[in-house]
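Chains, contacts and geometry: an overview
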Amino acid sequence: MEFIHALLEYTFLQKALLTSVMVGIICGVIGCFIILRGMALMGDAISHAVLPGVAISYMLGINFFFGAVLTGVLTAVGIGYVSQNSRIKNDAAIGIIFTAFFAIGIILISLVKSSTDLYHILFGNVLAVRSSDMWITLVIGIIILAAVYAFYKELLVSSFDPTMSAAYGLPNRLIHYFLMTLLTMVTVASLQTVGVILVVAMLITPAATAYLLTNRLSVMIFMSAAFGAISAIFGLFLSLIYNVASGAAIVLVSTFLFALAFIFSPKQGVLFRTIRARKAKSVLQDKSLS
Amino acid sequence: MTYAMSVQNLFVSYHGEEALHDINFTIEKGKLVGIIGPNGAGKSTLLKSLLELIPKDQGTVEVFGKSINEMRKKIAYVPQRSDMDWTFPISVIDTVLLGTYPGLGVFRRPNKKHREWSYHCLEKVGMEKFSQRQIGELSGGQQQRVFLARALAQKADLFCLDEPFVGIDITSEETIVRILKELRDEGKSVFVVHHDLSKANTYFDELILLNKELIDVGPVSEVFRPEIMMKAYESQLTFMKQNEVTV
Ligand SMILES: Nc1ncnc2c1ncn2[C@@H]1O[C@H](COP(=O)(O)OP(=O)(O)O)[C@@H](O)[C@H]1O
Ligand SMILES: [Mg+2]
């Protein structure tokens, strides 16, 4: 009740809530493609790699969105270049490139800003969301949802069967970089809500939860977005009540949802699997006894 | 005349390691063609380089007298079953529906007509009862039939299948062979990678016998002879002989 009161009263809370719900939704949507393509590590990498972009934007006095997207995309290209042009495998290439970008980011930020700013970028500070940030998040959200809607077919087939999509002439590599660009934008939008370090949780956990509950990609995307939004609302609520970091609270709510699905999912859950296995066993035993 | 497939001086390598050496052949339209050879002979590599899914070092490939890029939408490719992600959240009918994508272009979506056509293709392979299953919840043979249905849904002129008979039941194998022969009889061209010699002579019209180099190509009656087959499977045979000596 108090939460709702506070919500009605304080606009900073409204902005925080709206922004985190939007972030939950777009992370959930993009996250589905990230986990189905086995790119969870890539999500982690890009989210860290936006750090120097944020610092550079700050130095130049421009909106941090532009710098962040630039370094995010540069990282994706760098990783692709290293793994395609050497024997270094993709996961190692990711490890090399993103840590370098992250380190540059830390140095730049420690040069120009106080450590509290670094703290906020790393861990988020949703209560400090300004109107302009909220609008940027909304615009990013609309772009992401429109892009996924428009290219749903192509994203589906190139994620499921890249050989087929290449065989009929889809530009797989372009699609990959397109997705990386969307991923970077999502990361940037999430900076203030959950921060660089925990973005990857918002990308992966709601999507993985949905993955355990459905066998259809379209349904998975909607569920994942819903889980992202629910996590954002409850996380924010908990962070206000107990006065803990909002990003961490949001992430833990999504982890809790995942745990529920992991245990109780009718098809994939541990509980029903065990029950089914037991049943199958006892049927066999009954047969061998009779 | 225009050939279904015409290949000249094809060389392919992986990281400097040669996988295919100077392949040349032409295949007429309307044939059911087996690409055979021992494991690691480069059969999958040949199929993928024909479709330009992997880069070639040298050579030209023409399909129905045109470059691959002009013909892509008319070519259906069925990958090796081991290359697929069977946990992907997609149902059987939606998998078949993917076959209609090449004909749709970027922004158009499949409609009711495309769904009905996909269902019809599922019926052809006898899998319509499973249309709502997730694709991982099928046997190997059933999965292969679903992918054949997807190829049918594409209304292609050229069909390329990589090892469709590996690890599948006999009913599925018979269904697939029957459909491939029907396609051939309709005038379509069908290329099938196959490493098991046992039924090669009854399944195919023409054989491409491969072991890094092209050993022989031609009608089954000419190629499927012990002295020629020996050449391709030679290394395996000498290996067996050596083992006999040492045992
Ligand atoms: N992606 C790859 N990278 C490196 N070498 C490969 C790759 N794919 C195949 N090869 C090698 O090329 C040769 C031919 O492989 P392949 O075409 O898969 O044979 P087949 O399908 O006849 O069993 C083999 O020696 C294999 O090890
Ligand atoms: Mg092979």
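Worth saying up front: this structure is predicted, and the values here are computed from it rather than measured. (Residues numbered from 1 in each chain as written. Chains lettered and ligands numbered in written order. Predicted model: local features only at pLDDT ≥ 70, side-chain atom pairs only at ≥ 80, totals over all residues. Heavy atoms only, no water.)

**Let's talk about the overall build of chain A**
How we decide: Helix numbers and strand numbers start at the N terminus; a helix is a DSSP run of H or I with at least 4 residues, a strand a run of E with at least 2. Atoms considered for the radius of gyration are the C-alpha atoms alone. The globule rule reads 2.2 Å times the number of residues to the power 0.38. Throughout this description, buried means an accessible area under 20% of the type-specific maximum (1.4 Å probe, protein chains only), exposed means over 50%, and partly exposed covers the range between. In what follows, a contact means two residues having at least one pair of non-hydrogen atoms within 4.5 Å.
In terms of regular secondary structure, chain A is built from 14 helices and 0 strands. In chain A, the succession of helices and strands from N to C terminus is α-α-α-α-α-α-α-α-α-α-α-α-α-α. What you see for chain A is a C-alpha radius of gyration of 21 Å, in line with the 19 Å of a compact globule of 290 residues. Reported as C-alpha extents along the three principal axes, the dimensions of chain A are approximately 80 × 55 × 35 Å. Taken over 290 residues, chain A has a buried fraction of 49%. The long-range share in chain A, meaning contacts at least 24 apart out of those at least 6 apart in sequence, stands at 71%.

**Quick notes on the packing of aromatic side chains**
Keep this limit in mind: Note on ring pairs: Phe, Tyr and Trp rings are taken, using the six-membered ring of Trp, and paired if centres are within 6.5 Å. Classes follow the plane angle, with under 30 degrees stacked, over 60 edge-to-face and the rest tilted.
A complete count under the given rule lists 9 aromatic pairs over all chains for this structure. Geometrically, the ring pair formed by F258 of chain A and F262 of chain A is stacked, given 5.8 Å between the ring centres and 25° between the ring planes. You can see F258 of chain A and its partner F262 of chain A sitting in helix α13 (residues 246-264), 4 residues apart, about one turn around the helix. Between F165 of chain B and Y203 of chain B the ring centres are 5.3 Å apart and the planes differ by 55°, which places this aromatic pair in the tilted class. You can see F165 of chain B sitting in the loop between β6 (158-162) and α7 (170-185) and its partner Y203 of chain B sitting in helix α8 (residues 200-203), a full 38 residues away along the chain. Note on accessibility: F165 of chain B and Y203 of chain B belong to one class, buried.

**Notes on the packing of helix α5 (residues 112-124) of chain B against helix α6 (residues 140-153) of chain B**
Residue and element names in this part refer to chain B. The condition is simple: Note on geometry: axes are lines fitted to C-alpha atoms, helical ones only across the stretch in contact, with angles between N-to-C directions running from 0 to 180 degrees. An angle below 35 degrees is read as roughly parallel, one above 145 as roughly antiparallel, one from 65 to 115 as roughly perpendicular, and any other as oblique. Crossing chirality is assigned from the near helix's rotation relative to the far helix, an anticlockwise turn below a right angle marking it left-handed and a clockwise turn marking it right-handed. Charged means Asp, Glu, Lys or Arg here, nonpolar means Ala, Val, Leu, Ile, Met, Phe, Trp, Tyr, Cys or Pro, and polar covers whatever is left, Gly included.
For the pair α5 and α6, the least separation of the axes is 8 Å and the interaxial angle reads 135°. In this view, α5 runs oblique relative to α6, as classed from their interaxial angle. Where α5 crosses over α6, the two elements pack in a sense that is right-handed. Across the interface between the two elements, W117, C121, L122 and K124 from α5 touch V146, A149, L152 and A153 from α6. For the contact of α5 with α6, the per-class residue count stands at 7 nonpolar, no polar and 1 charged.

**Details of the nonpolar core**
Quick note on the threshold: To qualify as a nonpolar core, a set must consist of buried Ala, Val, Leu, Ile, Met, Phe, Trp, Tyr and Cys residues joined through side-chain atoms within 4.5 Å.
Ranked by size, the top nonpolar core spans 123 residues in total, and within it I30 and I144 of chain A together with L122, F159 and L180 of chain B carry the most contacts. It is helix α2 (residues 11-36) of chain A that provides the largest number of residues to this core, a total of 10 residues. When sequence neighbours within four positions are dropped, the list of residues in contact with I30 of chain A reads I144, V148, L182, L183, V186 and L203 of chain A. Within the second largest apolar cluster, 30 residues are counted, among which are M5, V12, L50 and I68 of chain B.

**Some remarks on empty space enclosed by the protein**
Cut-off, in case you're wondering: Put simply, the grid is 1 Å and covers the protein atoms alone, a cavity is a trapped set of points that fit a 1.4 Å probe, a pocket is an open set with protein on both sides within 12 Å along at least five of seven lines, and lining residues have an atom within 4 Å of a point. Grid points are joined across faces, edges and corners, and a volume is the space filled by probe spheres set on the points.
Taken as a whole, this structure holds 4 cavities of 30 Å³ or more when the rule is applied. Of the pockets and cavities examined, the largest cavity occupies roughly 80 Å³. In this structure, the largest cavity is lined by T19, N63, F64, F65, D133, I136, T137, V188, A189, L191 and Q192 of chain A. At the level of elements, α4 (64-84), α7 (131-150) and α10 (172-190) of chain A are the ones that each hand at least two residues to the lining of the largest cavity. A total of 3 residues in the lining of the largest cavity trace back to one element, the largest contributor, which is α7 of chain A. Considered class by class, the residues forming the lining of the largest cavity number 6 nonpolar, 4 polar and 1 charged. For the second largest cavity, the calculated volume is near 40 Å³. Contributing to the lining of the second largest cavity are M164 of chain A together with A76, Y77, V78, R150, A151 and Q154 of chain B. Secondary-structure elements contributing two or more residues to the lining of the second largest cavity are β5 (75-78) and α6 of chain B. Considering every element that reaches the lining of the second largest cavity, the biggest residue donor is β5 of chain B, with 3 residues.

**Some details on the interface of chain B and chain A**
Put simply, the rule reads: The term buried area denotes the loss of accessible surface (1.4 Å probe radius) that occurs when two parts are joined, taken as the sum for both partners. We define a salt bridge as a side-chain nitrogen of Lys or Arg found within 4 Å of a carboxyl oxygen belonging to Asp or Glu.
The partner chain A presents 25 residues to the 31 residues of chain B that form the contact. Between chain B and chain A, the buried area comes to about 2400 Å², and carbon and sulfur atoms account for 66% of it. At the boundary of chain B and chain A, one finds 1 salt bridge. The partner of R150 of chain B in a salt bridge is D161 of chain A, and the shortest N-O contact between them spans 2.7 Å. Mapped by element, the contributors of at least two residues to the side of chain B that touches chain A are α3 (92-97), α4 (101-104) and α6 of chain B. Looking at which element gives the most residues to the side of chain B that touches chain A, the answer is α4 of chain B, with 3 residues.

**Considerations on the environment of M5 of chain B**
All names here are of chain B. Inspection of the secondary structure assignment puts M5 in strand β1 (residues 5-14). Measuring from C-alpha to C-alpha, the distance between M5 and F191 comes to 9.8 Å, with 186 residues separating the pair along the chain. Those residues within four positions of M5 in sequence are excluded, and the remaining contacts are F25, T26, I27, L50, V61, E62, V63, L158 and F191.

**Overview of the pairing of β1 of chain B**
All names here are of chain B. The cut-off we apply is this: DSSP-based pairing: two strands are paired if at least 2 bridges between them are found.
In this structure, β1 lies alongside strand β2 (residues 17-27), joined through 7 bridges in antiparallel fashion. Its bridge partner lying in β2, S13 is registered against E18. Connecting β1 to the next strand, β2, in antiparallel fashion are 2 residues, including H15 with a positive phi near 45°. Both β1 and strand β4 (residues 58-63) contribute to a ladder of 5 bridges, which runs antiparallel. Its bridge partner lying in β4, Q8 is registered against T60.

**Some points on the site of ligand 1**
Residues and elements named next belong to chain B. Stated formally: The cutoff for a nearby residue is simple: one of its non-hydrogen atoms must lie within 4 Å of the molecule or strand. Counting of polar contacts relies on pairs of N or O atoms within 3.5 Å, with two restrictions inside protein: one atom must be capable of donating a hydrogen and the other of accepting it, and residues adjacent in sequence are counted only when both atoms are side-chain atoms. Areas reported as accessible are Shrake-Rupley estimates using a 1.4 Å probe. Residue values count occlusion only from the protein chains shown.
Residues in close proximity to ligand 1 include Y14, A19, P38, N39, G40, A41, G42, K43, S44 and T45, which together make up its full environment. Taking Y14, its side chain carries an N or O atom lying 3.4 Å from a nitrogen atom of ligand 1. Coverage of ligand 1 by the protein chains reaches 56% of its 550 Å² of free accessible surface. Class assignment for the residues of the shell around ligand 1 results in 4 nonpolar, 5 polar and 1 charged.

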